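Listed below are the residues making up each chain.
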Amino acid sequence: MKIPASFNIAGLRLRGDEIEVAGCDLVMYDNEFQKIDEELQRLHQQANANVVFLVDKNGQLIASAGDTHNIDTTSLASLTAGNIAATGGIARLLGEKEFTILFHEGEKDNIHISLVGQRIILVVIFDRRSSLGLVRLRVKKTAEVLARIFDEITSKAEKEKVEGGKAAESPFAEISDEDIDNLFK
Amino acid sequence: MSFINYSSREINCKIVYYGPGLCGKTTNLQFIYKKTNPEQKGKLISLATESERTLFFDFLPLALGDIRGFKVRFHLYTVPGQVFYAASRKLILKGVDGVIFVADSQIERMEANMESLEDLRINLAEQGYAVEKLPYAVQYNKRDISHIAPVEEMNKLLNVNSVQWFEGVATAGVGVFETLKGVAKQVLLELKKHY
Ligand SMILES: Nc1nc2c(ncn2[C@@H]2O[C@H](COP(=O)(O)OP(=O)(O)O)[C@@H](O)[C@H]2O)c(=O)[nH]1
Ligand SMILES: [Mg+2]
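Residues numbered from 1 in each chain as written. Chains lettered and ligands numbered in written order. Predicted model: local features only at pLDDT ≥ 70, side-chain atom pairs only at ≥ 80, totals over all residues. Heavy atoms only, no water.

Draft legend 1. Representation of the packing of helix α1 (residues 25-35) of chain B against helix α5 (residues 176-194) of chain B. Residues and elements named next belong to chain B. Relative orientation of the contacting elements α1 and α5 amounts to 95°, with a least axis distance of 10 Å. Taken together, the axis directions place α1 and α5 in an arrangement best described as roughly perpendicular. Residues N28, F31, I32 and K35 of α1 form the contact with α5, whose own contacting residues are V176, F177 and L180. (Axes fitted to C-alpha atoms, helices over the stretch in contact; angles between N-to-C directions. Helix = DSSP H or I, 4+ residues; strand = E, 2+ residues; numbered from the N terminus. Parallel < 35°, antiparallel > 145°, perpendicular 65-115°, else oblique. Contact = heavy atoms within 4.5 Å.)

Draft legend 2. Molecular detail of the interface of chain A and chain B. With 49 residues of chain A at the contact, the number on the chain B side is 48 residues. In total, about 4300 Å² of surface goes out of reach between chain A and chain B, with carbon and sulfur atoms giving 61% of it. On the chain A side of the interface with chain B, the three residues burying the most area are F172(A), L183(A) and F184(A), jointly 18% of the side's total. Scanning the region where chain A abuts chain B turns up five salt bridges. Here K185(B) makes a salt bridge to D177(A), at a shortest N to O gap of 3.8 Å. (Buried area = accessible area lost by both parts, 1.4 Å probe. Salt bridge = Lys/Arg side-chain N within 4 Å of Asp/Glu carboxyl O.)

Draft legend 3. A look at the side chain of Q106(B). All names here are of chain B. Note on placement: Q106 falls in the loop between β6 (98-104) and α3 (110-126). On the basis of relative accessible area, Q106 is assigned to the buried category, the value being 16%. Among the polar contacts listed, one links the side chain of Q106 to the side chain of D104, at a separation of 3.1 Å. Non-local contacts of Q106, meaning those with residues more than four positions away in its chain, are made with K142, I145, H147 and I148. (Buried < 20%, exposed > 50% of the residue type's maximum accessible area, 1.4 Å probe, protein only. Polar contact = N/O pair within 3.5 Å; in protein donor to acceptor, adjacent residues only side chain to side chain.)

Draft legend 4. Spotlight on the nonpolar core. Membership of the largest hydrophobic core comes to 38 residues, with the highest contact counts inside it found for I4(B), F74(B), L76(B) and L188(B). Listing elements by their share of this core, those giving two or more residues are α4 (177-183) of chain A together with β2 (10-18), α1, β4 (54-67), β5 (70-78), β6 and α5 of chain B. The element best represented in this core is α5(B), accounting for seven residues. Sequence-distant contacts of L76(B), that is, excluding residues within four places in its chain, are made with I15(B), Y17(B), L29(B), I32(B), D58(B), F59(B), L60(B), L62(B) and L180(B). Membership of the second largest hydrophobic core comes to 30 residues, among which are I92(B), Y129(B), Y140(B) and M154(B). (Core = buried A, V, L, I, M, F, W, Y, C linked by side-chain atoms within 4.5 Å.)

Draft legend 5. A look at the site of ligand 1. All names here are of chain B. As a matter of local geometry, ligand 1 sits amid 14 residues, with L22, K25, T26, T27 and D144 nearest to it. Separating an oxygen atom of ligand 1 from a side-chain N or O atom of N141 is a distance of 3.1 Å. Among the elements that take part in the shell around ligand 1, α1 stands out by supplying three residues, more than any other. Taken together, the residues of the shell around ligand 1 sort by class into five nonpolar, six polar and three charged. (Near = heavy atom within 4 Å. Nonpolar A, V, L, I, M, F, W, Y, C, P; charged D, E, K, R; others polar.)

Draft legend 6. Layout of the pattern of salt bridges. This model, assessed by the stated rule, comprises 18 salt bridges over all chains. Put simply, E98(A) and K57(A) hold a salt bridge, and the shortest N to O gap is 3.1 Å. One end of the pair, E98(A), is in the loop between α2 (73-93) and β7 (101-105); the other, K57(A), is in the loop between β5 (51-56) and β6 (61-66), and 41 residues separate them in sequence. Looking at E98(A), the relative accessible area reads 24%, which means it is partly exposed. A salt bridge links E10(B) to R73(B), with the nearest nitrogen and oxygen atoms 3.1 Å apart.

Draft legend 7. Molecular detail of the sheet that holds strand β9 (residues 120-126) of chain A. All names here are of chain A. As summarised here, the arrangement of the five strands in space is β6-β5-β9-β8-β7, forming an open sheet in which the pairing is antiparallel. Sheet topology places β6 and β7 at the edges, where each strand pairs with a single neighbour. Neighbour-to-neighbour, the strand axes of the sheet open up by a mean angle of 15°, direction not taken into account. Note: β5 against β9, six bridges, orientation antiparallel. Paired with D56 across the bridge in β9 is I120. Helix-sheet contacts for α2 involve β5, β6, β7, β8 (110-116) and β9, and the interaxial angle to β9 is about 115°. (Pairing = 2+ DSSP bridges.)

Draft legend 8. Just the pairing of β6(B), in detail. Residues and elements named next belong to chain B. Burial of β6 is extensive: seven of the seven residues sit out of reach of the surface. Side chains G98, I100, V102 and D104 of β6 all project onto a buried face; the interleaved residues V99, F101 and A103 project onto the opposite face, where all are buried too. Strand direction decides the pairing type here: β2 and β6, joined by four bridges, are parallel. Looking across to β6, one finds that V16 is bridged to V99. The pairing of β6 with strand β7 (residues 136-141) spans six bridges and is classified as parallel. Bridging across to β7, V102 finds its partner in Q139. Each parallel crossover has a hand, and for β6 linked through α3 to β7 it is right-handed. (Right-handed = clockwise from strand over helix to strand, strands pointing away.)

Dropping the structure here:
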């Protein structure tokens, strides 16, 4: 099975100096997913982290690395996005553009949250086997790489949008009322 | 904003329950949570005050099943209804794929319903959405109470575009899945148009 090698953020809209993402979907294919996954694995290792996550600003988990068995990743993704959204709201009230890094220290585990570009959140959970300094350093590197991947993706998406192409094996192409009814049985 | 992952074969969509304080949004989610199989749902997260009023949002991830080999997930959110939580409501609407407006059928809550609907319209517009263009349905909740407005009247006040509407008794589960299904269907059909 061949999967189209593009990552498509359709309909980016510019308003002032910020990128508005209203009404655009995130479509991810194998190729980009693997690149992102590799990058997260590397960060997980080099930062000595317990777990590493990538979350969409709207609360959807994109990818993760490390031991996620005992973690409710879906809830974590949603709450992280809520956290970033709330602090972003506070930032704007103070006349700041955004707080790009959040850090919460616990008794055992710590969580480091940072923004990559305009719409992705990078989360690192670590304990005393690592340190804030190391995590910050490694996160900075990873963020640069991820930002580049997402930049490529955006320009590809814009191109694809102009060409108006649909994915080769879209699950929606032949979706029927019956398919949808079956979901609610 | 849906997230379609061809690599893990998942489709994720976000649906927000909107409406005035105490209209029954959280109750809708609680009923869905109660009636769904354990393997289909995540935790129901409620960021609430000590008096159980929603503070930031409720969140329930639902994995309903497969369509054409893709796992379909809906992330359900509610907003806090009280007027002073306006800032939070805006945040939760970010990236929404579909909205369910829950109206309180009690006559004395009609003004609160209309205010909330206007608030929704403004908040969506700020993000470049129009209610008319979004997958959207209305639920007239609390039909079990005696002092309520007739549906025809509520339609006139709260549903000028004649969108899909449902009568509900969220505490007993009446209309809860019907409403969710109505909007979920619209969301998926909307995706079909684009992909
Ligand atoms: N009689 C009746 N009460 C309801 C119904 N739905 C919700 N309630 C009650 O209304 C109150 C507020 O509900 P809640 O879901 O917390 O409202 P929210 O502020 O919209 O989240 C609770 O005491 C519910 O039990 C309904 O259909 N009928
Ligand atoms: Mg509530």
